[in-house]
Amino acid sequence: MHRAPGADHQIAAPQSSLSSTALHQIDAPLPRSYVDCVLDLTEVQPAGIDRFPLRKPIPPARLDALSREIIALKKKLNAIILAHNYQVPEIQDVADYVGDSLGLSQQAAKTDAEVIVFCGVHFMAETAKILNPHKLVILPDKDAGCSLEQSCPAPKLKALQDTNSNFYTIAYINCSADVKALSDVICTSGNAVKIVNASPKDRDLLFVPDENLGAWVMEQTHRPMTLWRGNCYAHVEFTHASIMRIRGEFPDAPVVAHPECTKAVRMLADEICSTEKMVGYCKKTPAKQIIIATENCRCNECRFMKMNTLEKLHDCMADRSPSVELSPELIARARLPIERMLQISALPNQD
Ligand code: 13P
Ligand code: SF4
């Protein structure tokens, strides 16, 4: 996760089995690779009537030549650039909106741009296409997948569903369009508790494909669910031992973990939330040091998210390709559970 420097917090990344422990001092001069780890608390979208406003454009003078070309292409195509929080800083800098999966879907649902340029992974761009069947949706790298999506092939899900006609299938958005089309409702990490709470009481809940998110939601809602045995290869790299070690090093730092982390990690966390809520948490906490357990910087990055580069972003806009193409029949089936999610998500919170 990245936001540019400019705040007075320190972000500590727990050691994963892929990496070494890192502490990032924000107000000191930073080596380039460290800058990527820092949340820019000055760029957090403010809470207001529109919780998901577009960003103010970065002044062209602050951008390099390639970025300026991307901005020019954006104007020419009447395009919007949507970027996930895990995208590299230079992509975030040219994006109209940076956020989590929920915010990105909401943004995709309401845009009037003719072309959507999606900088994230494939299932995210696919979701934008399902919500905008008549628009061109392009992405920098078509091969940017997701281990959760891969863990749940639609025919296997269908076979499980056939064993119980009372299943009500809740699919985490990190899944293919075919899996969405088999589901009753979609959720993201930002709204999963709300979606499960809103699910019919007389149905057997089946949660796919992330067993860790599913287990966390069960703890929050006390709704029993059958869990698909999938997980995010990057988040399960964090271990109980690595969090204990970094907590020992920074005893005053709260631990903020993504719900895709295992129970052994979640039980050590002070806050468990989506990437966008992490940005909000870091903004509000009086703590000067924060331990973040999610995809972040060079310590534990998602190899799929990091397949996107500024060059590929430029080329996909210049070529209007690769684009997401789905059959109208699949779009029609996959759209209903996404729309159900957006409707439930827009309801006022009960608490
Ligand atoms: P968010 O819902 O926080 O955007 O997370 C998506 C994701 O892929 C996490 O690995
Ligand atoms: Fe998928 Fe994990 Fe990458 Fe998120 S971080 S896109 S869940 S592989």
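Right above here is the structure, for reference.
Right, let's walk through the structure included here. Quantities reported herein were computed from a predicted structural model and do not represent experimental measurements. (Residues numbered from 1 in each chain as written. Chains lettered and ligands numbered in written order. Predicted model: local features only at pLDDT ≥ 70, side-chain atom pairs only at ≥ 80, totals over all residues.)

### A word on the overall build of the protein
Logical step 1: Within the protein one finds 15 helices and 13 strands.
Logical step 2: Going through the 351 residues of the protein one by one, you find that 47% of them count as buried. (Helix = DSSP H or I, 4+ residues; strand = E, 2+ residues; numbered from the N terminus. Buried ≥ 20, exposed ≤ 12 C-beta atoms within 10 Å, placed from the backbone.)

### Overview of the site of ligand 1
Logical step 1: Around ligand 1 lies a shell formed by Asp100, Ser101, Asn174, Thr188, Ser189, Gly190, Cys232, His258, Glu260, Ser274, Thr275 and Glu295.
Logical step 2: Class assignment of the residues belonging to the shell around ligand 1 gives a composition of 1 nonpolar, 8 polar and 3 charged. (Near = placed C-beta within 6 Å. Nonpolar A, V, L, I, M, F, W, Y, C, P; charged D, E, K, R; others polar.)

### Notes on the environment of Lys201
Logical step 1: When you line up the elements, Lys201 lands in the loop between helix 9 (192-197) and strand 9 (204-208).
Logical step 2: Classification of Lys201 by C-beta neighbours within 10 Å gives exposed; the count is 7.

### Thoughts on the nonpolar core
Logical step 1: Formed by 88 residues in total, the largest nonpolar core has its most connected members in Leu82, Val117, Phe118, Val208 and Ala293.
Logical step 2: Sorting elements by how many residues they give to this core places helix 5 (residues 122-131) first, with 6 residues. (Core = buried A, V, L, I, M, F, W, Y, C linked by C-beta atoms within 7 Å.)

### Side note on the sheet that holds strand 10 (residues 225-227)
Logical step 1: As summarised here, the arrangement of the 4 strands in space is 8-7-9-10, forming an open sheet in which the pairing is parallel. Edge positions in the sheet fall to strand 8 (185-187) and strand 10, since each has one partner strand and no second. Strand-to-strand twist across the sheet, computed as the mean angle between neighbouring axes with direction ignored, equals 30°.
Logical step 2: As defined by bridge partners, strand 9 adjoins strand 10 across 3 bridges and the pair is classed as parallel. What sits directly across from Phe207, in strand 10, is Leu227.
Logical step 3: Against the sheet, helix 10 (residues 211-221) contacts strand 7 (167-172), strand 9 and strand 10, and its axis sits at roughly 165° relative to strand 10. (Pairing = 2+ DSSP bridges. Axes fitted to C-alpha atoms, helices over the stretch in contact; angles between N-to-C directions. Contact = placed C-beta atoms within 7 Å.)

### Things to note about the sheet that holds strand 3 (residues 79-84)
Logical step 1: With respect to topology, 4 strands assemble into an open sheet ordered 4-3-5-6, the strand pairing being parallel. Each of the sheet's edge strands pairs with one partner strand only, and the pair in question is strand 4 (97-99) and strand 6 (136-138). Pairs of neighbouring strands in the sheet enclose a mean axial angle of 20°, with direction left out of account.
Logical step 2: With 3 bridges connecting them, strand 3 and strand 4 associate as parallel partners.

### Quick notes on the pairing of strand 5 (residues 115-119)
Logical step 1: Summarising burial for strand 5: 5 of the 5 residues are buried, a large majority.
Logical step 2: In terms of strand pairing, strand 3 meets strand 5 through 5 bridges, oriented parallel. The partner of Ala79 across the bridge, within strand 5, is Val115.
Logical step 3: For strand 5 and strand 6, the ladder comprises 3 bridges, and the chain directions are parallel.

### Examining the environment of Lys306
Logical step 1: Locating Lys306 in the fold gives a position in the loop between strand 13 (289-293) and helix 14 (310-319).
Logical step 2: What makes Lys306 partly exposed here is the crowd of 15 C-beta atoms within 10 Å.
Logical step 3: With near-sequence residues (within four places) excluded, Lys306 lies in contact with Val88 and Glu301.

### What about the site of ligand 2?
Logical step 1: With respect to spatial proximity, 14 residues lie near ligand 2, and among them Cys146, Ser147, Cys232, Ala234 and Cys302 are the closest.
Logical step 2: Considered class by class, the residues forming the shell around ligand 2 number 9 nonpolar, 3 polar and 2 charged.

### Let's talk about the packing of helix 2 (residues 65-77) against helix 14
Logical step 1: Closest axis-to-axis distance for the helix 2/helix 14 pair is 10 Å, and the angle between their directions is 30°. It follows from the interaxial angle that helix 2 and helix 14 lie roughly parallel. Judged by the sense of rotation from one axis to the other, the crossing of helix 2 with helix 14 is left-handed. Judged by residue contacts, Leu66, Ser67, Glu69, Ile70, Leu73 and Leu77 of helix 2 engage Leu310, Glu311, Leu313, His314, Met317 and Ala318 from helix 14.
Logical step 2: Partitioning the contact of helix 2 with helix 14 into residue classes produces 8 nonpolar, 2 polar and 2 charged. (Parallel < 35°, antiparallel > 145°, perpendicular 65-115°, else oblique. Left-handed = near helix turned anticlockwise from the far one by under 90°.)

### With respect to helix 14
Logical step 1: Residues Leu310, Leu313, Cys316 and Met317 constitute the buried set of helix 14. Projection of helix 14 onto a plane perpendicular to its axis shows the buried side chains occupying an angular sector of 130°, all on one side. Those residues of helix 14 that are exposed and aimed more than 90 degrees away from the buried face are Glu311 and Asp319.
Logical step 2: Contacts made by the buried residues of helix 14 are with helix 2, strand 3, helix 3 (89-94), strand 5 and strand 6.
Logical step 3: Looking one or two places after helix 14, you find Arg320, whose phi comes out positive at around 55°. (Arc of directions from axis to C-beta.)

### Points about the packing of helix 5 against helix 15 (residues 328-346)
Logical step 1: Closest axis-to-axis distance for the helix 5/helix 15 pair is 9 Å, and the angle between their directions is 100°. The pairing of helix 5 with helix 15 is recorded here as roughly perpendicular in orientation. Residues Thr127, Ile130 and Leu131 of helix 5 lie in contact with helix 15, whose contacting residues are Ile331, Ala334, Arg335 and Ile338.
Logical step 2: Counted by class, the contact of helix 5 with helix 15 contains 5 nonpolar, 1 polar and 1 charged residues.

Limitation: the analysis is restricted to geometry and does not speak to function.
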